[in-house]
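Geometric and topological summary
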Amino acid sequence: MPTIAAQPYEYSFPTGKLALIVIDMQRDFVEEGGFGSALGNDVSLLTAIVPTVRRLLDGFRAARLPIIHTREGHRPDLTDCPPSKIARGRGKLSIGDKGPMGRILIDGEPGNDLVPDLAALPGETVIVKPGKGAFYATRLGHILETQGISHLVFAGVTTEVCVQTTMREANDRGYECLLAEDATESYFPEFKAATLAMIRAQGGIVGWTAPTDTIVRALR
Ligand code: C5J
């Protein structure tokens, strides 16, 4: 089995059972004028990882391995959004409000698109998810099962919210999870550092972490 130098120890994966999940690299979080900046966050930290996420995507594309993108988005009538989620934040704009990139976190609005450099290619799966975890109220579990996937590499934003939630959901479902350390980011550097430490603590209680270039080299 190919092996990746990772923390807390090497990560091995059966070829043909590995997939990449890129979480929520959408304009709403990564670009100025979206949900992230409406909540008062500096989005430049997130914008900075776009080239690294692209290197990881290109590595999986070259290896012809499955790629799944997610977007956090709701139906226009918000029937899939709990009122508690809309009320939370108390920023200038809430979910469903009109912002500079269309209605915030609504499927089909310009702000909900993946950033152009990370757009899905034909044959890649895009999951629109109403929650922070990508397994909640989506067909992700079914898709992974039908493709015989057992090992998952994760990238995307934000590390401590949607990435960590999805990794924990996957870990509980028996997937072997590896997070690309430099292809994930938070608006809060200390939260990212704490999340990486939590994931690999206690012998990899949630999974493994490794740098993007190390992962891409192992795919070749
Ligand atoms: C957040 C996400 N942070 N994709 N969503 O609300 O992490």
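Please read all numbers here as calculations on a predicted model, not as lab measurements.

Turning to the pairing of strand S8 (residues 151–157), a few remarks are in order. The element S8 is largely enclosed, with a buried count of 7 among its 7 residues. As paired strands, strand S3 (residues 18–23) and S8 are joined by 6 bridges and run parallel to one another. Note that in S8 the partner of Leu-20 across the bridge is Val-153. Judged from the 6 bridges that link them, S8 and strand S9 (residues 176–185) form a sheet pairing that is parallel.

Attention now moves to helix H9 (residues 212–219). With 6 of its 8 residues buried, H9 lies for the most part within the structure. Listed in full, the buried residues belonging to H9 are Thr-212, Thr-214, Ile-215, Val-216, Ala-218 and Leu-219. Packing partners of the buried residues in H9 comprise strand S1 (3–4), S3, helix H4 (50–62), S8, S9 and strand S10 (208–210).

We now examine the packing of aromatic side chains. Tallied over the entire structure, the rule returns 5 aromatic pairs. Centre to centre, the rings of Phe-188 and Phe-191 are 4.8 Å apart; their planes meet at 45 degrees, and the pair counts as tilted. On the basis of relative accessibility, which here comes to 39%, the residue Phe-191 falls in the partly exposed class. Taken together through their ring pairs, the aromatic side chains of Tyr-9, Tyr-11 and Trp-208 make up a single cluster.

Right, let's get into helix H8 (residues 189–204). Spanning 16 residues, H8 covers 21 Å between terminal C-alpha atoms, matching the ideal 22 Å at 1.5 Å per step. Taken as a whole, H8 carries its principal kink of about 25 degrees at Ala-197. Here the buried face of H8 lies against helix H7 (159–172), S9 and S10.

Calculation rules
Residues numbered from 1 in each chain as written. Predicted model: local features only at pLDDT ≥ 70, side-chain atom pairs only at ≥ 80, totals over all residues. Heavy atoms only, no water. Buried < 20%, exposed > 50% of the residue type's maximum accessible area, 1.4 Å probe, protein only. Helix = DSSP H or I, 4+ residues; strand = E, 2+ residues; numbered from the N terminus. Pairing = 2+ DSSP bridges. Contact = heavy atoms within 4.5 Å. Phe/Tyr/Trp six-rings, centres within 6.5 Å; stacked < 30°, edge-to-face > 60°. Expected span 1.5 Å × (residues − 1). Bend = angle between axes of the 7 residues up to and from the residue.

None of the figures reported here should be taken as evidence of function without further support.
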